[in-house]
Amino acid sequence: MELTIKQALQQGITAHKEGKLQEAERLYRAILQSQPAHPDANHNLGVLAVSVNKAEAALPLFKTALKANPDFAYAHYNLGVTLEKLGKLDEAEASYKQAIALNPDDAEAHYNLGVMLQELGRLDEALASYIQAIALKPDYPEAYVNLGIAIKNVKFNSSNPKLYPPLTQLLTAGNFT
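Residues numbered from 1 in each chain as written. Predicted model: local features only at pLDDT ≥ 70, side-chain atom pairs only at ≥ 80, totals over all residues. Heavy atoms only, no water.

Novice: An account of the packing of aromatic side chains is needed here, citing residue identities and associated values.
Specialist: Aromatic rings in a pair are described by how distant their centres are and how their planes are angled relative to each other. Per the counting criterion, the structure on display carries three aromatic pairs. Here the aromatic rings of Y111 and Y130 are separated by 5.9 Å at their centres, their planes lie at 45°, and the arrangement is tilted. Within this pair, whereas Y111 is found in helix α7 (residues 107–119), its partner Y130 is found in helix α8 (residues 123–136), the two being separated by 19 residues in sequence. A single burial state applies to Y111 and to Y130, both of which are buried. (Phe/Tyr/Trp six-rings, centres within 6.5 Å; stacked < 30°, edge-to-face > 60°. Helix = DSSP H or I, 4+ residues; strand = E, 2+ residues; numbered from the N terminus. Buried < 20%, exposed > 50% of the residue type's maximum accessible area, 1.4 Å probe, protein only.)

Below you can see the structure in the form of structure tokens.
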């Protein structure tokens with residue numbers, strides 16, 4: 001029995017979630033044989049490649065997915081993760097910001113952008129990203145930890161005054177208890 005593209009994609013996703021990576025890869029590649037620009041198959045194959053430390057191989061897959069579907073927020077997000085792993089931080093930042101523009105409620109995208117900005121020493125921007133991640137997902141312990149580290153390191157006399165009200169609100173709301 002021949003699978004439809006939709007069936008093959010569903011089976012690939014299921015295999016991927018179950019850790020059957022070779023089976024998932026086989027199914028994603030079968031889809032790409034008949035539809036080389038299929039955004040979901042390219043994206044999922046890229047995610048799979050990153051998970052087995054083949055970030056460089058994932059780049060063209062994410063880019064193909066985005067060419068087929070420029071509004072694919074998760075592909076922008078995963079492209080950002082991959083570019084960050086490869087040390088291409090300017091491109092990673094642009095990808096995270098595009099993911100956030102398309103899906104502003106993605107706490108992970110805000111958090112990962114914050115981590116990257118913090119590593120670059122852009123603490124004001126990192127604080128804002130962590131605050132947004134926490135606002136979207138109040139039970140996000142990693143964001144609180146990194147927010148605390150960034151607060152410890154920020155020089156408030158030279159930081160963005162727009163940051164003070166949300167930071168003050170967060171600190172006084174009792175979210176750290």
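Novice: Account for unusual backbone geometry, naming residues and giving values.
Specialist: If you check the backbone angles, N53 has positive phi at about 60° while not being a glycine. Examined against the element boundaries, N53 turns out to sit in the loop between α3 (39–51) and α4 (55–68). The exposed category is assigned to N53, whose relative accessible area is 71%.

Novice: I'd like a rundown of the side chain of E93, residues and numbers included.
Specialist: Structurally, E93 is set in helix α6 (residues 89–102). Here E93 falls in the buried class, since its relative accessible area comes to 10%. At a separation of 2.8 Å, a polar atom in the side chain of E93 contacts the side chain of K97. Looking at E93, its side chain comes within polar contact range of the side chain of R122, at 2.8 Å. Apart from residues no more than four positions distant in its own chain, E93 is found in contact with L113, M116, L117, R122 and E125. (Polar contact = N/O pair within 3.5 Å; in protein donor to acceptor, adjacent residues only side chain to side chain. Contact = heavy atoms within 4.5 Å.)

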